[in-house]
Amino acid sequence: MADIEQARRRLAEAQSVAVLTGAGISAESGIPTFRGAGGLWNNYRFEDLATPEAFARDPSLVWEWYNWRREAIAKAAPNAAHKALVKLEIAKPHFTLITQNVDGLHDLAGSGRILKLHGDIWRMRCTTCGANWPDRRPSLPKLPPHCACGGLARPGVVWFGEPLPEGMMKEAEHAVESCEVFLVVGTSAVVYPAAGLVPFAKQSGAVVMEINTEPTAFSETVDFALQGPAGELLPQLL
Ligand code: BJW
Ligand code: ZN
């Protein structure tokens, strides 16, 4: 409890804050995480579903999985943690939200600018002409979907082995380098380059606070490792 009180004070004093979120922030909205208890990768092999090779092999299988996830995500609403970050954004002169999540719950909560490092499940991209468009339909009527040009469409997300959206990591690094407090919420911090932002923040002199229900590889090295659900701890921290 003393820890959270001290963290709360440090956060209140900061003018410049950057936040990195992961699947854990949406767990309380009912969206499964990837790793840990109930994680998607316990039941599915990412090599079959979340790589460009998997999509080239079997686009329909990959799309069935993404369609199932779209249906589940469409039923979910932002929770107290997503909402707390909107309040934080309003309160701070300098604020950057960096997320690994593709679920769009930060948008629905009302966050302004979001650096979506791993893309957006509600966007599509054409594998032929490169067109890129939003599609909010919870369930797609015909799989696999196609572009107006006739090319095969893919989910607008970043799979293993693919580069992150152009320039986005640079923007994230810039925000992390110049923040006073770096808040890391609900990520196992094992997927790079996103995970590298945590040690980078420390090296750049930020106070690093982690909120997670479990210890992570970085819990020992951060300034505050707050253990508990984000939907409870984040509102307490503000
Ligand atoms: C709670 C909670 C509650 C629960 N409250 N907390 C060897 C070494 C280093 C790197 C590599 C390597 N081999 C390959 C790589 C690179 C690879 C990588 O990092 N692999 C590692 C896994 C080893 N990275 C990549 O391939 C990336 N690209 C890249 O490196 O490109 C280089 C390149 C350059 C130029 C040309 C070509 C290439 C891309 C990574 C893409 C990741 N994609 C996914 C899928 C996205 C689409 C989709 O959603 O389907 O992104 S994988 C998945 O993991 C998803 C997530 O964004 C990402 C991170 O997961 P996250 O958010 O941390 O979730 P979890 O589930 O892991 O953790 C949840 C946490 O919440 C847990 O800790 C819980 O305890 C906690 N929690 N409830 C608070 N209520
Ligand atoms: Zn096209």
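Just above sits the structure.
Residues numbered from 1 in each chain as written. Chains lettered and ligands numbered in written order. Predicted model: local features only at pLDDT ≥ 70, side-chain atom pairs only at ≥ 80, totals over all residues. Heavy atoms only, no water.

Turning our attention to the overall build of the chain. Assigned secondary structure in the chain consists of ten helices and nine strands. Taken against the 2.2 N^0.38 rule, which gives 18 Å for 238 residues, the C-alpha radius of gyration of the chain at 18 Å falls within 12% of a compact globule. Counting only C-alpha atoms and orienting by the principal axes, one finds that the chain spans roughly 55 × 35 × 30 Å. Sequence-distant contacts, at least 24 apart, represent 66% of the contacts inside the chain between residues at least 6 apart. Counting every atom, the chain has about 11,100 Å² of accessible surface; 53% of that belongs to carbon and sulfur. In the chain, 22 side chains carry a positive charge and 26 a negative one; their mean positions are 5 Å apart. (Helix = DSSP H or I, 4+ residues; strand = E, 2+ residues; numbered from the N terminus. Rg over C-alpha atoms; globule rule 2.2 N^0.38 Å. Contact = heavy atoms within 4.5 Å. Areas by Shrake-Rupley, 256 points an atom, 1.4 Å probe, with all protein chains shown as cover. Lys, Arg positive; Asp, Glu negative; His and termini not counted. Charge placed at Lys NZ, Arg CZ, Asp CG, Glu CD.)

Taken together, C126 (SG), C129 (SG), C147 (SG) and C149 (SG) make up the protein donors of the zinc ion (ligand 2), found 2.3 Å from the metal. Around the zinc ion (ligand 2), the four donor atoms are arranged such that angles at the metal cover 104 to 117°; this shape is classified as tetrahedral. When its relative accessible area of 12% is taken as the criterion, C147 is described as buried. (Donors = N, O, S within 2.8 Å, 3.2 Å for Na, K, Ca; no water. Tetrahedral: all angles 85-135°; square planar, octahedral: opposite > 155°, others 65-115°. Buried < 20%, exposed > 50% of the residue type's maximum accessible area, 1.4 Å probe, protein only.)

By volume, the second largest pocket is sized at about 260 Å³. Within the residue set of the lining of the second largest pocket, elements represented by two or more residues are β4 (119–126) and β6 (153–157). Looking at the lining of the second largest pocket, the element that brings in the most residues is β4, giving five residues. Looking at the lining of the second largest pocket residue by residue, the classes come out as seven nonpolar, three polar and six charged. (1 Å grid on protein atoms, 1.4 Å probe; cavity = no way out; pocket = protein on both sides within 12 Å on 5 of 7 lines; lining within 4 Å. Points joined across faces, edges and corners; volume = space filled by probe spheres on them. Nonpolar A, V, L, I, M, F, W, Y, C, P; charged D, E, K, R; others polar.)

Next up on the list: the packing of aromatic side chains. Geometrically, a pair of aromatic rings is defined through the distance of the ring centres and the angle of the planes. Throughout the structure, instances matching the rule amount to nine aromatic pairs. Considering the side-chain rings of F46 and F160, the 4.6 Å spacing of their centres and the 55° angle between planes classify their relative orientation as tilted. Of this pair, F46 sits in helix α3 (residues 46–49) while F160 sits in the loop between β6 and α8 (168–177), and the two are 114 residues apart along the sequence. Through pairs of rings, three or more aromatic residues link up here, namely F34, W41, Y44, F46, F55, W65, Y66, W68, W159 and F160. In this structure, R69 is placed above the aromatic ring of W65, and the distance from its NZ or CZ to the ring centre is 4.6 Å. (Phe/Tyr/Trp six-rings, centres within 6.5 Å; stacked < 30°, edge-to-face > 60°. Lys NZ or Arg CZ within 6 Å of the ring centre and 35° of its normal.)

Quick look at empty space enclosed by the protein now. This model, assessed by the stated rule, comprises one cavity of 30 Å³ or more. The volume enclosed by the largest cavity comes to roughly 30 Å³. As for the largest cavity, its lining consists of T99, N101, D103, G104, H106, D107, I114 and K116. Contributions of two or more residues to the lining of the largest cavity are made by α7 (105–109) and β3 (114–116).

Another point: helix α6 (residues 80–91). Given a rise of 1.5 Å per residue, twelve residues ought to cover 16 Å, and the 16 Å separating the end C-alpha atoms of α6 matches this to within 8%. Looking at α6, one finds that the buried residues are A81, H82, A84, L85, V86 and L88. Looking at where α6 begins, the residue whose side-chain oxygen comes 2.7 Å from the main-chain nitrogen of A81 is N79. (Expected span 1.5 Å × (residues − 1). Polar contact = N/O pair within 3.5 Å; in protein donor to acceptor, adjacent residues only side chain to side chain.)

For the rest of this paragraph, the subject is the sheet that holds strand β2 (residues 94–99). Ordered in space as β3-β2-β1-β7-β8-β9, the six strands form an open sheet in which the pairing is parallel. Across the chains shown, the open sheet's two edge strands, defined by having one partner strand only, are β3 and β9 (224–227). On average, adjacent strands in this sheet sit at an angle of 15° to one another, irrespective of strand direction. Of the pairings in the sheet, the one linking β2 to β3 comprises three bridges and is parallel in character. In the sheet register, T99 faces β3, and the bridge partner there is K116. Against the sheet, α8 contacts β1 (16–21), β2, β3 and β7 (181–185), and its axis sits at roughly 130° relative to β3. (Pairing = 2+ DSSP bridges. Axes fitted to C-alpha atoms, helices over the stretch in contact; angles between N-to-C directions.)

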